[in-house]
Number of protein chains: 2
Amino acid sequence: MIVTLAGGVGAARFLAGLVDVVAPADVTAVVNVGDDFVLHGLSISPDLDTVTYTLAGEVDPDTGWGRAGETWQVMDELERYGGQTWFRLGDRDLALHLYRSQRRAEGASLSEVTAEVARAKGLGLRLLPVTDDRLATRVVVPGEGELAFQDWFVGHRHGLPVEAVRFDGAEQARPAPGVLDAITTAELVVVAPSNPVVSIAPVLAVPGVGEAVRERRHDVVAVSPIVGGKALKGPAAELLDTLGAGATAVGVAEWYAAEAGTIVIDDVDADLAPDVTAIGVRCVVADTIMRDRAAAAALARVVLEAADR
Amino acid sequence: MIVTLAGGVGAARFLAGLVDVVAPADVTAVVNVGDDFVLHGLSISPDLDTVTYTLAGEVDPDTGWGRAGETWQVMDELERYGGQTWFRLGDRDLALHLYRSQRRAEGASLSEVTAEVARAKGLGLRLLPVTDDRLATRVVVPGEGELAFQDWFVGHRHGLPVEAVRFDGAEQARPAPGVLDAITTAELVVVAPSNPVVSIAPVLAVPGVGEAVRERRHDVVAVSPIVGGKALKGPAAELLDTLGAGATAVGVAEWYAAEAGTIVIDDVDADLAPDVTAIGVRCVVADTIMRDRAAAAALARVVLEAADR
């Protein structure tokens, strides 16, 4: 069994590669829910949905999130009311939020709904939200105070500087059913190439989860989302610069030093390998750019081999 | 100023005719919210929406509710999850529910949202929900117990017999801002040709509203929704048979005897006029079938003249 701690786009692409090289039934993804929010009365779980759509082969290949061939009837009409259209929700995408919201109102947990959706999509792997409880990533912006994650990420296009990140509700959150067991019994725990600060940190912030991962440190392989000092997507570089040890593969290794015994860094950062090793993290150098599904599968193979060594 | 107590389709068509013969700014519709419900996390107000779409010229002419030229991307996709699709919500229609739900979550009252939507649609008349508080029509079905209105009306296609109707929350509900003042100061109060039992009764059940209407009885004109012993639409006939004084124009006159000094009944029921008069309600006989907007305008003229006499 292989557990992958997952955020959105990067994790989804990695998982798509992983299920091409190992049996999907042997894969559990533990997914960030710190980005989840309610808009228009709807419960929206961006990372779970990105992973779901990607693995179902339905994701928009250009954005990496949302649905391919999406239509926008609802948003176009909502605009006419002067409604909140800053978070663009396509028609097909909305159906999932309607389904989730209704099932939650009927008393189903987020895990249960996630399993139902995975079944409806015919996904072979197991998708688990890290928690069924409230966990809300909040971003402290100098002069602005605290913003809800999506306000900052989408509303302000992550253009405002960040002083701190906080995971509201984390202290009270309990790991969703199956999460701790999966981590504890996995042969390998992969930290996907997601944003360490706002995608993986909230997963590790759920009481018990970080501890369980750290206990498995020897079997934990992280994939650096920073390549050549830049994030492939999103604001990971800026956040690691401000809140971590810098936007480099070494900074990522330091960020995960307590959790991951091994890190996979990109070929372009090969010269940083000695610095990574120096901080006590095994370093594997490989092509980490998932330009297509074959490249994602190759990266998954690298991770599996890194774990075997 | 003319106030119309309104349910859904019949009231909407009447109002469309009314604003063709009087200045829209002189018309206030006080609309039933007993059918309102929450589904998929969305606040749905079927009667307000039917009136809105009809007056905006956007209503589906075949059904009398929902949007003309509607698309169904969201419902089609929701079906794939096994979601609740018994209440069909088109894509454009959904936009209104998203807007309303978000505004409610932001603290806006139903009246405020209704006014915003009316403004966005450029409606000239004033639309008021009868109350901003919870008011939920419940239907008692022998052997089934109490059903939420939409479960019975749409879910069971009003095919189950009804023992009683109850307006949950009515005792605590307060008239929405402007409702009592509109009724008290109106030259004319029209009871639209809506279902007396499940569309107009909940309006009258809001404390203060029924009393205000009864005080204006001399200036209240009801239009019978029963023509030739049948309802033009929906289950009014069955409900009046079981819970009222029968599914005839006389039965409607008796149902409204305390509220309406005058009733307009259809030409086909002309022979019932003496029976209506006998119970102390003035009777006007006219063509009440609103087969098109011109016919609705003609009916509105009849109502205005009935009030003048």
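Since we're looking at a predicted model, the values are computed, not measured. For every chain, the first residue of the written sequence is number 1, and numbering continues from 1 onward in sequence order. Both sets of labels track the order of writing: A upward for chains, 1 upward for ligands. Note on the predicted model: pLDDT of at least 70 is required for a residue's local features to be given, and 80 or more for side-chain atom pairs to be given and counted; whole-chain, interface and lining totals, by contrast, use all residues.

Focus: the overall build of chain A
And then number 1: When its secondary structure is counted, chain A shows 13 helices and 14 strands.
And then number 2: Put simply, the radius of gyration uses C-alpha atoms, and a globule should come to 2.2 Å times the residue count raised to 0.38. Here the C-alpha atoms of chain A give a radius of gyration of 18 Å, agreeing with the 19 Å that 2.2 N^0.38 yields for 309 residues.
And then number 3: With C-beta atoms placed from the backbone, a residue is labelled by how many other C-beta atoms lie within 10 Å of its own: buried for 20 or more, exposed for 12 or fewer, partly exposed between the two. For chain A, the proportion of its 309 residues judged to be buried stands at 54%.
And then number 4: A separation threshold of at least 6 residues defines the contact pool for chain A, and within that pool the share at least 24 residues apart is 66%. Segments assigned H or I by DSSP are reported as helices when at least four residues long, segments assigned E as strands when at least two residues long, and all are numbered from the N terminus. Note on contacts: each residue gets a C-beta atom placed from the backbone, and two residues are in contact if those atoms are within 7 Å.

Thoughts on the relation of the copies chain A and chain B
And then number 1: Here the copies are superposed with least squares, the fitted atoms being C-alpha atoms of residues at a pLDDT of at least 70 in both. You can overlay chain A on chain B at an RMSD of 0.0 Å; the transform is a turn of 180° with a shift of 0.0 Å along its axis. Such values leave the two copies arranged in the relation of a two-fold axis. Of the C-alpha atoms belonging to chain A, the one lying closest to the rotation axis is found on Gly41(A), 2.6 Å away.
And then number 2: Comparing interface residues between copies, 100% of those in chain A also sit at the interface in chain B, which points to an isologous, same-surface contact.

Considerations on the interface of chain A and chain B
And then number 1: At the interface, 27 residues of chain A touch 27 residues of chain B.
And then number 2: Put simply, the parts of the chain that give the side of chain A that touches chain B at least two residues each are strand 4 (42-44), helix 3 (73-80), helix 4 (91-105) and helix 5 (110-120) of chain A.
And then number 3: For the side of chain A that touches chain B, the leading source of residues is helix 4 of chain A, giving 10 residues.
And then number 4: For this classification, Asp, Glu, Lys and Arg are treated as charged, while Ala, Val, Leu, Ile, Met, Phe, Trp, Tyr, Cys and Pro are nonpolar and the rest, including Gly, are polar. Split by residue class, the side of chain A that touches chain B holds 13 nonpolar, 10 polar and four charged.

Structural notes on the environment of Ala170(B)
Residue and element names in this part refer to chain B.
And then number 1: Structurally, alanine 170 is set in the loop between strand 8 (164-168) and helix 7 (179-185).
And then number 2: Under the C-beta neighbour-count criterion, alanine 170 is labelled buried, with 22 such atoms within 10 Å.
And then number 3: Taking the C-alpha atoms as reference points, alanine 170 and threonine 137, separated by 33 residues in sequence, lie 9.1 Å from one another.

Considerations on the sheet that holds strand 8 (residues 164-168) of chain A
Residues and elements named next belong to chain A.
And then number 1: What the three strands build is an open sheet, ordered 7-6-8; its pairing is antiparallel. The open sheet has two free edges, formed respectively by strand 7 (145-148) and strand 8, since each of these has just one partner strand. For this sheet the average axis-to-axis angle between neighbouring strands, irrespective of direction, equals 30°.
And then number 2: The criterion for strand pairing is that DSSP finds at least two bridges linking the strands in question. Bridge analysis of strand 6 (residues 136-141) against strand 7 gives four bridges, and the strand direction is antiparallel. Opposite valine 139, over in strand 7, you have leucine 147 as the bridge partner.
And then number 3: An axis is simply a line fitted to the C-alpha atoms; with a helix, the fit covers only the stretch in contact. Between two such axes, the angle follows the N-to-C directions and lies from 0 to 180 degrees. The strands that helix 8 (residues 196-205) touches are strand 6 and strand 8; relative to strand 8, the one it contacts most, it runs at about 40°.

Notes on the packing of helix 8 of chain A against helix 10 (residues 236-243) of chain A
Residue and element names in this part refer to chain A.
And then number 1: The N-to-C vectors of helix 8 and helix 10 enclose an angle of 75°; their axes lie 9 Å apart at closest approach. As far as their axial angle goes, helix 10 and helix 8 are roughly perpendicular. Contacts between helix 8 and helix 10 pair Pro196, Val197 and Val198 from the former with Ala236, Leu239, Leu240 and Leu243 from the latter.
And then number 2: Its residues assigned to classes, the contact of helix 8 with helix 10 comprises seven nonpolar, no polar and no charged. When describing relative orientation, an angle under 35 degrees is termed roughly parallel and one over 145 degrees roughly antiparallel, while 65 to 115 degrees is termed roughly perpendicular and anything else oblique.

Side note on unusual backbone geometry
Trans peptide bonds make up most of the peptide bonds, and negative phi angles are found at most residues other than glycine.
Residues and elements named next belong to chain A.
And then number 1: The phi angle at histidine 40 is positive, at roughly 60°, despite the residue not being glycine.
And then number 2: Among the structural elements, histidine 40 can be located in the loop between strand 3 (37-39) and strand 4.
And then number 3: Non-glycine residue arginine 157 carries a positive phi angle of around 50°.

A short note on the confidence of the model for chain A
And then number 1: pLDDT is defined as a per-residue confidence score from the predictor, taking values between 0 and 100. The predicted model of chain A has a mean per-residue pLDDT of 97, with 100% of residues at 70 or higher.
And then number 2: Across the interfaces of the predicted complex, the ipTM metric reaches 0.93, alongside a pTM of 0.95.

Remarks on helix 1 (residues 9-21) of chain B
The α-helix winds at 3.6 residues per turn, so residues separated by three or four positions along the chain end up facing the same way.
All names here are of chain B.
And then number 1: To estimate the expected span of a helix, subtract one from its residue number and multiply by 1.5 Å. Its 13 residues give helix 1 an end-to-end C-alpha distance of 19 Å, which sits within 8% of 18 Å, the value for a rise of 1.5 Å per residue.
And then number 2: Most of helix 1 sits out of view: 11 of its 13 residues are buried.
And then number 3: If you follow the buried residues of helix 1, they end up packed against strand 1 (2-6), strand 2 (27-31), helix 2 (46-55), strand 10 (220-223) and helix 13 (293-308).

Digging into the pairing of strand 1 of chain B
Remember that side chains alternate between the two faces of the sheet whenever the strand is regular.
Residue and element names in this part refer to chain B.
And then number 1: Counted residue by residue, strand 1 has five buried out of five residues, so it is predominantly covered.
And then number 2: Burial of the side chains of strand 1 extends over both faces: Ile2, Thr4 and Ala6 are buried on one face and Val3 and Leu5 on the other.
And then number 3: As defined by bridge partners, strand 1 adjoins strand 2 across five bridges and the pair is classed as parallel. When the sheet's bridge partners are listed, leucine 5 is paired in strand 2 with valine 30.
And then number 4: A clockwise course of the path from the first strand over the helix to the second, judged with the strands pointing away from the viewer, identifies a crossover as right-handed. Between the parallel elements strand 1 and strand 2, the chain passes through helix 1 in a crossover that is right-handed.
And then number 5: With four bridges connecting them, strand 1 and strand 9 (residues 188-191) associate as parallel partners.

Section: the sheet that holds strand 13 (residues 262-266) of chain A
Residue and element names in this part refer to chain A.
And then number 1: The seven strands are arranged 5-2-1-9-10-13-14 in an open sheet whose pairing can be described as parallel. Each of the sheet's edge strands pairs with one partner strand only, and the pair in question is strand 5 (126-129) and strand 14 (282-286). Strand-to-strand twist across the sheet, computed as the mean angle between neighbouring axes with direction ignored, equals 20°.
And then number 2: As paired strands, strand 13 and strand 14 are joined by five bridges and run parallel to one another. Considered in strand 14, the bridge of threonine 262 is made with arginine 282.

Description of the environment of Ala176(A)
Residues and elements named next belong to chain A.
And then number 1: When you line up the elements, alanine 176 lands in the loop between strand 8 and helix 7 (179-185).
And then number 2: Sequence-wise, alanine 176 and leucine 135 are 41 residues apart; in three dimensions their C-alpha atoms are separated by 12 Å.
And then number 3: Residues within four places of alanine 176 in sequence aside, it is in contact with Ser111, Leu128, Pro129, Val130, Thr131 and Asp132.

With respect to the pairing of strand 8 of chain B
Residue and element names in this part refer to chain B.
And then number 1: Of the two faces of strand 8, only the one carrying Val165 and Phe167 is buried; Ala164, Arg166 and Asp168 on the other face are not.
And then number 2: The pairing of strand 6 (residues 136-141) with strand 8 spans five bridges and is antiparallel. Bridge pairing links arginine 138 to arginine 166 in strand 8.

Comments concerning the nonpolar core
And then number 1: Counting residues in each nonpolar core, the largest one holds 212 residues, and the members touching the most others are Leu15(A), Val30(A), Ile263(A), Leu15(B), Val30(B) and Ile263(B).
And then number 2: Once residues lying within four places of it in the same chain are set aside, the contact partners of Val30(B) are Val3(B), Leu5(B), Ala6(B), Leu128(B), Val130(B), Val179(B), Ala182(B) and Val203(B). By convention in this section, buried Ala, Val, Leu, Ile, Met, Phe, Trp, Tyr and Cys residues joined through C-beta atoms within 7 Å make up a nonpolar core.

Thoughts on the packing of helix 4 of chain A against helix 3 (residues 73-80) of chain B
And then number 1: As a packed pair, helix 4 of chain A and helix 3 of chain B sit with axes 8 Å apart at the nearest point and diverge in direction by 50°. Taken together, the axes of helix 4 of chain A and helix 3 of chain B lie oblique to each other. Relative to helix 3 of chain B, the crossing made by helix 4 of chain A is right-handed. Residues Asp91(A), Arg92(A), Leu94(A), Ala95(A), Leu98(A) and Tyr99(A) of helix 4 of chain A form the contact with helix 3 of chain B, whose own contacting residues are Gln73(B), Val74(B), Glu77(B) and Leu78(B).
And then number 2: Of the residues contributing to the contact of helix 4 of chain A with helix 3 of chain B, the split by class is six nonpolar, one polar and three charged. Note on convention: near helix rotated counterclockwise from far helix by under a right angle means a left-handed crossing. Clockwise means right-handed.

Thoughts on the environment of His97(B)
Residue and element names in this part refer to chain B.
And then number 1: With respect to the element layout, histidine 97 can be found in helix 4 (residues 91-105).
And then number 2: Assessed through the 24 C-beta atoms surrounding it within 10 Å, histidine 97 is described here as buried.
And then number 3: Note: C-alpha distance between histidine 97 and serine 45 (52 residues apart in sequence) is 8.1 Å.
And then number 4: Not counting the four nearest positions on each side in its chain, histidine 97 is found in contact with Leu42, Ser43, Ile44 and Leu89.

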